[in-house]
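If you want the building blocks of each chain, they are given just below.
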Amino acid sequence: MAADPLSLIREHGRVPRHVAVIMDGNGRWASRRGLPRHAGHWEGMKAVREAVEGACAAGVEILTLFAFSTENWKRPQSEVDALMQLLCAYAESEHEELAGHGVEVRVLGEVSRLDSEARAAVALMEDATRDGAVLRLNLMISYGGREEIVRAVRRLAAQVHGRSLEPEAIDADTVEQVLFTRGLPDPDLLIRTSGEFRISNFLLWQTAYTELHIASVLWPDFTREDLFAAILDYQHRERRFGRVSTR
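Residues numbered from 1 in each chain as written. Predicted model: local features only at pLDDT ≥ 70, side-chain atom pairs only at ≥ 80, totals over all residues. Heavy atoms only, no water.

(A) Summary view of the overall build of the protein. Helix and strand counts for the protein come out as eight helices and six strands. In the protein, the order of α-helices and β-strands from amino to carboxyl end is α-β-α-α-β-α-β-α-β-α-α-β-β-α. Radius of gyration (C-alpha) of the protein: 19 Å, near the 18 Å computed for a compact globule of 247 residues. Expressed along its principal axes, the backbone C-alpha trace of the protein runs to roughly 65 × 55 × 35 Å. Here the protein holds 247 residues, and the buried ones make up 47% of them. In the protein, the proportion of contacts linking residues at least 24 apart, taken out of those at least 6 apart, comes to 78%. On the protein, roughly 12,600 Å² of surface is accessible, and the fraction owed to carbon and sulfur atoms is 51%. (Helix = DSSP H or I, 4+ residues; strand = E, 2+ residues; numbered from the N terminus. Rg over C-alpha atoms; globule rule 2.2 N^0.38 Å. Buried < 20%, exposed > 50% of the residue type's maximum accessible area, 1.4 Å probe, protein only. Contact = heavy atoms within 4.5 Å. Areas by Shrake-Rupley, 256 points an atom, 1.4 Å probe, with all protein chains shown as cover.)

See below:
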């Protein structure tokens with residue numbers, strides 16, 4: 001009998017502290033079934049639950065999901081509206097269970113671009129799950145990696161202009177303090193579903209030394225077993241961070 005993957009993860013012991021996921025393939029999942037694209041997005045909500053519960057079971061401390069990019073605003077209005085409705089539905093249906101599992105939700109990105117109903121959904125999730133100690137769940141909404149870096153540069157430039165910061169004092173730690181992810185460790189593992197080999201403008205600064213795992217499964221079909229497989233793959237990697245191998 002094959003060993004239980006969760007048991008293998010615990011046996012190997014080196015669990016990634018921070019896992020990030022590019023949730024790709026909702027549209028293809030729907031089109032293959034003759035359904036509108038938004039049907040794939042709604043089905044993907046089940047996969048979010050699988051990923052969250054799997055992360056808690058495996059001992060992951062931080063799970064960061066790429067939910068809605070800045071580029072997504074350019075999609076047809078009907079699809080954007082469906083995605084905003086999905087955010088509201090997720091907040092309403094999941095906030096109590098997330099809080100019960102000790103999951104603290106934070107929404108990172110240009111939240112000000114969301115409509116009032118979506119912003120209220122964000123507040124509901126964040127308030128209901130505050131101080132959850134088992135898992136930090138970051139939902140990246142209205143987020144883009146390049147946009148985040150531009151935003152950081154502007155903030156640092158303003159500090160220099162206001163004479164509260166010397167240019168010579170700017171280093172990697174200074175930049176990290178003006179990113180959306182300030183205070184969080186960089187992802188150890190980045191999973192992308194649907195078999196695509198692209199980062200898609202996600203966490204460009206933070207993933208400099210992150211291990212990548214490409215899963216062929218489309219996001220709506222993603223299960224905790226797929227998460228466990230990615231973690232097991234990670235556990236067999238040697239992370240060198242630019243140094244020479246010790247093997």
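Resuming the write-up.
(B) The side chain of N26, seen in detail. Position of N26 among the secondary structure elements: in helix 2 (residues 26-31). A distance of 3.1 Å separates the side chain of N26 from the side chain of H41, its partner in a polar contact. (Polar contact = N/O pair within 3.5 Å; in protein donor to acceptor, adjacent residues only side chain to side chain.)

(C) The arrangement of the pattern of salt bridges in detail. For the coordinates displayed, the defined rule picks out 16 salt bridges. The closest approach of N and O atoms between E50 and R224, which form a salt bridge, is 3.1 Å. Residue E50 is located in helix 3 (residues 37-58), and its partner R224 is located in helix 8 (residues 224-235); the two are separated by 174 residues in the primary sequence. On the basis of relative accessibility, which here comes to 24%, the residue R224 falls in the partly exposed class. (Salt bridge = Lys/Arg side-chain N within 4 Å of Asp/Glu carboxyl O.)

(D) Inspection of the side chain of N201 at higher detail. Take N201: it is sitting in the loop between strand 5 (189-192) and strand 6 (211-214). At 2.8 Å, the side chain of N201 and the backbone nitrogen of R146 are in polar contact. Excluding residues that lie within four positions of it along the chain, N201 makes contacts with F66, T70, E71, Y143, G144, G145, R146 and E147.

Read these as spatial facts, not as claims about activity.
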